[in-house]
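A structural walkthrough
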Amino acid sequence: MHWWRVAALCASLAAGVAQAQERFSIFAGSPPDAVARMVQLAELGNGDHVVDLGSGDGRIVFAALEAHAGVRGWGVDLDPKLVHGANAEAQKRGLAERVHFLQQNAFDADLSKADVIFMWLWPELMYMLRAKILREARPGTRVITNIWDLGSWKPDYIDETPLPVNLWRVPAKVGGYWNWTLPLGGLNRNYAAVFEQHFQQLEGVVRSVDRRGIFSNPELHGTHISFALEMTLDGKGLTRHRFSGTVDGDRINGTVRVVRLVQGEETGERLELPWQATRSTTSAYFETTGLALR
Ligand SMILES: C[S@@+](CC[C@H](N)C(=O)[O-])C[C@H]1O[C@@H](n2cnc3c(N)ncnc32)[C@H](O)[C@@H]1O
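What you see is a predicted model, and the numbers here were worked out from it, not measured in a lab.

**Here we look at the overall build of the protein**
For the protein, the helix and strand inventory stands at six helices and 16 strands. A compact globule built from 294 residues should have a C-alpha radius of gyration of about 19 Å, whereas the protein, at 24 Å, is more than 25% larger. On the principal axes, the C-alpha backbone points of the protein span a range of 70 × 40 × 35 Å. Within the protein, residue pairs in contact and separated by at least 24 positions form 51% of the contacts whose partners lie at least 6 positions apart.

Okay, structure coming up:
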């Protein structure tokens, strides 16, 4: 963040600066402009459940419910007076059927039903909540913060001005071993892939028959995964594969586009095949190829 943004932020929290230095839990409501941009980033849909961890006077949850009639929500806050006030305000606004506020520590909140998680807590608290969010929230859940981000878990999108609001999609769990088979060149070819995952960032390698390759451009957005592979297949030559699918627990369902590469150019027949991968506890990737380096 630019120094002038930090300065602006500190000025806006001037009343709380003495407390801020000791990291007391203080209430500062997100400004109306930030609330509106956070709700917009949530891309709310019918049936969505939103939660604000550290809900203060409830303004973000109210704005979400008022923006979309099909949304329900709840908020948790440590401060009983704020919780009481937010519940009273929900009654006043005629929203009490669709929202409730609990006096609860954010670390005890049930995140399994949330489609959207809003937060504006001290950065170190939000960093510590990352593990809980990744463990409990369903893949694809949107996480939206005001101003501060989640450290090494980089946002998928930042709405920069006038101050940042940040969006993440909880990534599906993809790290580990995956197998699939493709009917190519008259053969059923087995692929044994190994993915390494750091938040939404992926790297991966694969083996098919006696060849090994490295995936290029791997991307993971919530449950959507895509990557490419260039590998020489016996009887087919150098072949580009583009995989794209949806992760559903221990399965991935999608499609793969396959085309030969001749001098770097895609050449000849382009195949599109269904692609179904399953998670495995062991991997043929590590079996010896029987080839020796000379
Ligand atoms: C900066 S205010 C944000 C309020 C509201 N989310 C907004 O953006 O307008 C932070 C709120 O989090 C609450 N809070 C701080 N630590 C918390 C925790 N561990 N669990 C629940 N609430 C917490 C504070 O009481 C305060 O109301």
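Let us keep going from here.
**Observations concerning helix H5 (residues 80-92)**
The first and last C-alpha atoms of H5 sit 18 Å apart over 13 residues, in line with the 18 Å expected at 1.5 Å per residue. Every buried residue of H5 is accounted for by Val83, Ala86 and Ala90. The buried residues of H5 all sit within an arc of 65° when viewed along its axis, so they share a single face. For H5, the exposed residues lying more than 90 degrees away from the buried face are Pro80, Lys81, His84, Gln91 and Lys92. Contact partners of the buried residues in H5: strand S2 (72-77) and strand S3 (99-103).

**A short note on the domain arrangement of the protein**
According to the domain assignment, the protein consists of domain 1 (3-169) and domain 2 (176-282). Summarising the inter-unit geometry, the C-alpha centres of domain 1 and domain 2 are found 38 Å apart. Contacts between domain 1 and domain 2 engage five residues on the former and six residues on the latter. For the side of domain 1 that touches domain 2, the residue count by class is two nonpolar, one polar and two charged.

**Some words on unusual backbone geometry**
For the bond running from Thr161 to Pro162, omega is 0°, close enough to zero to count as cis. Counting through the fold element by element, Pro162 comes out in the loop between strand S6 (157-159) and strand S7 (165-169). You will see that Phe199, though not glycine, has its phi angle at about 50°, which is positive. Within the fold, Phe199 resides in the loop between strand S9 (187-198) and strand S10 (201-208).

**Some remarks on the site of the ligand**
If you check the shell around the ligand, you find 22 residues, and the closest are Ser25, Ser30, Gly54, Gly56 and Ala106. Residues belonging to the shell around the ligand are distributed by class as follows: ten nonpolar, eight polar and four charged.

**Some details on the environment of Tyr177**
Here Tyr177 lies in strand S8 (residues 176-184). Remark: the alpha-carbon pair of Tyr177 and Ser283, spanning 106 residues in sequence, is separated by 6.0 Å.

**Quick look at helix H6 (residues 123-136)**
With 14 residues, H6 should reach 20 Å at 1.5 Å per residue; the first-to-last C-alpha distance of 20 Å fits that figure. Restricting attention to buried positions, one finds in H6 the residues Met126, Leu129 and Ile133. Along its buried surface, H6 packs onto strand S1 (49-53), strand S4 (116-119) and strand S5 (142-146).

**A short note on the sheet that holds S9**
Spatial ordering of the open sheet is given by S11-S10-S9-S8-S16-S15-S14-S13-S12, a layout of nine strands whose pairing is antiparallel. At either end of the open sheet lies a strand with only one pairing partner, and these are strand S11 (211-214) and strand S12 (216-221). With direction set aside, neighbouring strand axes in the sheet form an average angle of 25°. Direction of pairing for S9 relative to S10: antiparallel, over a ladder of eight bridges. Its bridge partner lying in S10, Glu196 is registered against Glu203.

**Some words on the pairing of S8**
Bridge count between S8 and S9: nine bridges; the pairing is antiparallel. Considered in S9, the bridge of Gly176 is made with Phe195. Here S8 hands over to S9 after two residues, with Gly185 in that stretch at a positive phi of 60°. Of the pairings in the sheet, the one linking S8 to strand S16 (residues 265-280) comprises three bridges and is antiparallel in character. Bridged to Trp178 within S16 is Arg279.

The rules behind the values
Residues numbered from 1 in each chain as written. Predicted model: local features only at pLDDT ≥ 70, side-chain atom pairs only at ≥ 80, totals over all residues. Helix = DSSP H or I, 4+ residues; strand = E, 2+ residues; numbered from the N terminus. Rg over C-alpha atoms; globule rule 2.2 N^0.38 Å. Contact = placed C-beta atoms within 7 Å. Expected span 1.5 Å × (residues − 1). Buried ≥ 20, exposed ≤ 12 C-beta atoms within 10 Å, placed from the backbone. Arc of directions from axis to C-beta. Domains from an automatic or database assignment. Nonpolar A, V, L, I, M, F, W, Y, C, P; charged D, E, K, R; others polar. Near = placed C-beta within 6 Å. Pairing = 2+ DSSP bridges. Axes fitted to C-alpha atoms, helices over the stretch in contact; angles between N-to-C directions.

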